[in-house]
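Okay, here's what each chain looks like letter by letter:
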Amino acid sequence: PLTVKASSASPSPSATVTDSQGIKIKSVPTKPIEGQKTGTSGLRKKVKVFMEENYLANWIQALFNSLPPEDYNNGLLVLGGDGRYFNREAAQIIIKIAAGNGVGKILVGKEGIMSTPAVSAVIRKRKANGGFIMSASHNPGGPEYDWGIKFNYSSGQPAPESITDKIYGNTLSISEIKMAEIPDVDLSCVGVTKYGNFIVEVVDPVSDYLELMENVFDFSLIRSLVSRSDFRFIFDAMHAVTGAYAKPIFVDKLGASPESISNGVPLEDFGHGHPDPNLTYAKDLVDIMYGENGPDLGAASDGDGDRNMILGQAFFVTPSDSVAIIAANAQEDIPYFRSGPKGLARSMPTSGALDRVAQKLNLPFFEVPTGWKFFGNLMDAGNLSICGEESFGTGSDHIREKDGIWAVLAWLSIIAYRNKDKKPGEKLVSVSDVVKEHWASYGRNFFSRYDYEECESEGANKMIDYLRDLVSKSKPGDKYGCYVLQFADDFAYTDPVDGSVASKQGVRFVFSDGSRIIFRLSGTGSAGATVRMYIEQFEPDVSKHDMDAQTALKPLIDLALSVSKLKDFTGREKPTVIT
Ligand code: G6P
Ligand code: ZN
């Protein structure tokens with residue numbers, strides 16, 4: 001392994017140490033930078049901030065300073081990203097610091113491209129020690145917008161808070177960056193380059209992931225649907241990372257027509273778009289699906305390929321329903337789940353539709369805080385197979401990240417299975433048929449989320465404090481209009497596997513009929529505060545299932561707005577996004 005003696009007292013700018021294995025390692029003196037604390041999902045800032053002198057380098061070095069040396073010394077790491085602006089430069093910085101800290105080999109996606117789920121898959125398949133993902137997920141990219149970095153551990157899962165807290169601590173005391181003096185690596189061709197004992201392998205970002213998908217799903221079943229002339233499919237890659245995956249998977253493997261992929265070329269600024277697959281930001285797709293004679297199934301994924309949105313013809317599948325429906329059908333339609341899912345889980349604000357499936361299938365069920373990282377331990381312990389979040393994340397224990405393309409393949413499997421015996425010309429079972437059947441047998445959990453983006457932090461924090469105070473004074477039986485309080489709290493979670501506790505994860509008011517109103521501040525924004533308000537109401541009566549969610553939830557939404565005094569605290573009349 002490469003070893004460098006850090007002169008912790010006062011590093012001199014010219015200190016250069018040649019290691020025994022032929023690479024020069026430069027010790028670059030640096031100073032702590034404030035504000036490098038990671039949020040729900042990695043460190044995210046405006047790209048301009050990351051481009052300031054040692055901003056990125058400090059964080060990467062602080063990360064190495066936080067890991068036990070045996071986790072990277074002579075080890076294997078993976079590096080990928082969503083193709084956004086600054087990824088190319090950042091990749092070179094990360095590679096040099098990895099080499100400088102004694103990493104043995106780094107696997108990099110060609111052109112620095114690799115989706116978040118693919119990085120997780122590659123870490124697991126290649127038994128890597130961990131991996132970096134250069135992405136600010138669904139946040140816009142380009143010189144004026146966002147950049148981000150995430151670190152995943154050897155199970156392929158986002159680093160736990162114990163590690164990210166350590167990284168933050170180390171960013172506040174850092175004095176030296178260890179950088180290998182190697183030339184920039186050519187990331188445009190697949191192949192292996194050696195620098196002394198340090199190896200960089202540029203890999204095809206799709207092949208390992210595709211192989212995994214072929215093991216999870218019945219590709220010939222999906223092909224039988226996707227290649228039908230009476231089934232029309234459209235996938236919107238939003239000019240983000242899944243553009244690199246869509247053609248090889250949907251077109252080349254599954255027989256979709258090349259025109260079924262839209263915005264399929266990853267661009268540094270996502271084509272000026274906001275690569276978040278929801279009803280607001282994936283408007284092009286929504287317009288097509290709700291237009292005259294729209295396709296039968298439409299889907300989109302976000303910047304780094306872990307989120308998904310599923311639409312039928314003029315029909316939106318809310319993510320909370322999507323995971324419930326996938327779970328209810330998995331055993332029959334998806335080979336990976338042939339012996340039945342081990343358990344199901346959702347994040348706290350996600351609707352209770354999944355709970356009902358777990359109950360009916362008699363499966364272990366878990367409610368965790370917002371953040372995919374909370375599912376990992378349950379999966380590693382063999383207690384959880386399928387999980388999802390209202391924030392357009394769905395996935396399973398095939399990897400340790402949510403997985404956009406997996407969700408699309410799951411829905412294609414469900415629709416394909418229902419239609420496998422349909423002759424040409426026979427009416428196909430549609431996405432909305434499947435969802436409505438599900439509601440008819442389980443009841444419908446009406447759900448909506450209101451986002452108030454880029455609020456002033458002060459007002460948003462005051463609102464949450466106010467709500468916490470309200471919660472502490474509330475008691476079961478309190479009347480809120482025509483709703484009776486069952487309980488109110490600030491959600492806390494004790495991980496059943498390692499006993500770690502996450503507190504203050506969202507203020508919730510749960511009423512006696514199961515309705516819920518929930519408030520939390522987003523952990524993924526990069527400017528100001530984003531207030532999220534979640535509204536849910538269960539409706540067993542089939543005759544009411546066709547109601548529009550906004551209409552059905554109106555009384556509860558009004559109640560949530562008045563209970564929280566949201567307009568007073570934030571000065572906002574209307575949400576920026578409704579899902
Ligand atoms: C990311 C995380 C998810 C989380 C979502 C929303 O996508 O991976 O696990 O649900 O962000 O987080 P936020 O804190 O912005 O509500
Ligand atoms: Zn994402």
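Rules and cut-offs
- The written sequence of each chain sets the order in which its residues are numbered from 1.
- Lettering for chains starts from A, numbering for ligands starts from 1, and both go in the order in which the items are written.
- Per-residue local features are limited, in this predicted model, to residues with pLDDT of at least 70; the limit for side-chain atom pairs, both in listing and counting, is 80 or more; totals at the level of whole chains, interfaces and linings are taken over all residues.
- The helix count covers DSSP runs of H or I at least four residues long, the strand count covers runs of E at least two residues long, and both are numbered beginning at the N terminus.
- In this setup the radius of gyration rests on C-alpha atoms only. A globule is expected at 2.2 Å times the number of residues raised to 0.38.
- The burial label depends on the number of other C-beta atoms within 10 Å of a residue's C-beta. Counts of 20 or more mean buried, 12 or fewer mean exposed, and intermediate counts mean partly exposed, with C-beta atoms placed from the backbone.
- A pair of residues counts as a contact when their C-beta atoms, built from backbone coordinates, are within 7 Å of each other.
- On a scale of 0 to 100, pLDDT captures the predictor's confidence in every residue.
- We treat two strands as partners when DSSP finds at least two bridges between them.
- To obtain an axis, a line is fitted to C-alpha atoms, over the contacting stretch when the element is a helix, and the angle between two such axes runs from 0 to 180 degrees between their N-to-C directions.

1. As for the overall build of the protein chain
In step 1: In terms of regular secondary structure, the protein chain is built from 17 helices and 28 strands.
In step 2: Relative to the 2.2 N^0.38 estimate, which gives 25 Å for 579 residues, the radius of gyration of the protein chain is 24 Å and therefore close to what a compact globule would have.
In step 3: Residues classed as buried in the protein chain amount to 53% of the 579 residues present.
In step 4: Taking the contacts inside the protein chain whose residues are at least 6 apart along the sequence as the reference set, 72% of them involve residues at least 24 apart.

2. A few points about the confidence of the model for the protein chain
In step 1: The pLDDT averaged across the protein chain works out to 93; a share of 96% of its residues lies at or above 70.
In step 2: Residue range residues 1-13 is modelled with pLDDT below 50. Its contacts to residues more than four positions away, or to other chains, number 26 contacts.
In step 3: Predicted complex, confidence summary: ipTM 0.96, pTM 0.92.

3. Re the sheet that holds strand 11 (residues 233-236)
The strands making up a sheet associate through hydrogen bonds between their backbones, and the pairing can be parallel or antiparallel.
In step 1: Taken together, 5 strands build an open sheet; the order of strands is 12-11-13-14-15 and the sheet is mixed. What marks the edges here is a single partner per strand, and that holds for strand 12 (261-262) and strand 15 (315-317).
In step 2: The pairing of strand 14 (residues 308-312) with strand 15 spans 3 bridges and is antiparallel. Note that in strand 15 the partner of leucine 311 across the bridge is phenylalanine 316.
In step 3: In this fold helix 13 (residues 404-418) packs onto strand 11, strand 13 (297-301) and strand 14, with an angle of close to 165 degrees to the strand it touches most, strand 13.
In step 4: Along the sheet, helix 14 (residues 431-442) makes contact with strand 13, strand 14 and strand 15, crossing strand 15 at roughly 55 degrees.

4. A short note on the pairing of strand 20 (residues 444-455)
In step 1: Summarising burial for strand 20: 9 of the 12 residues are buried, a large majority.
In step 2: Judged from the 10 bridges that link them, strand 20 and strand 27 (residues 529-539) form a sheet pairing that is antiparallel. Counterpart to serine 448 in the pairing with strand 27 is isoleucine 535.
In step 3: Looking at chain direction, strand 20 and strand 28 (residues 577-578) are connected through 2 bridges and run antiparallel. The residue bridging aspartate 451 from the neighbouring strand is valine 577, located in strand 28.

5. Details of the environment of aspartate 82
In step 1: Considering the arrangement of structural elements, one finds aspartate 82 in the loop between strand 4 (76-81) and helix 3 (87-100).
In step 2: For aspartate 82, a count of 32 C-beta atoms within 10 Å gives the class buried.
In step 3: In this structure, the C-alpha to C-alpha distance between aspartate 82 and methionine 134, residues 52 residues apart in sequence, is 6.5 Å.
In step 4: When residues no more than four places from it in sequence are discounted, the contact partners of aspartate 82 are Ser135, Ala240, Val241, Gly303 and Asp304.

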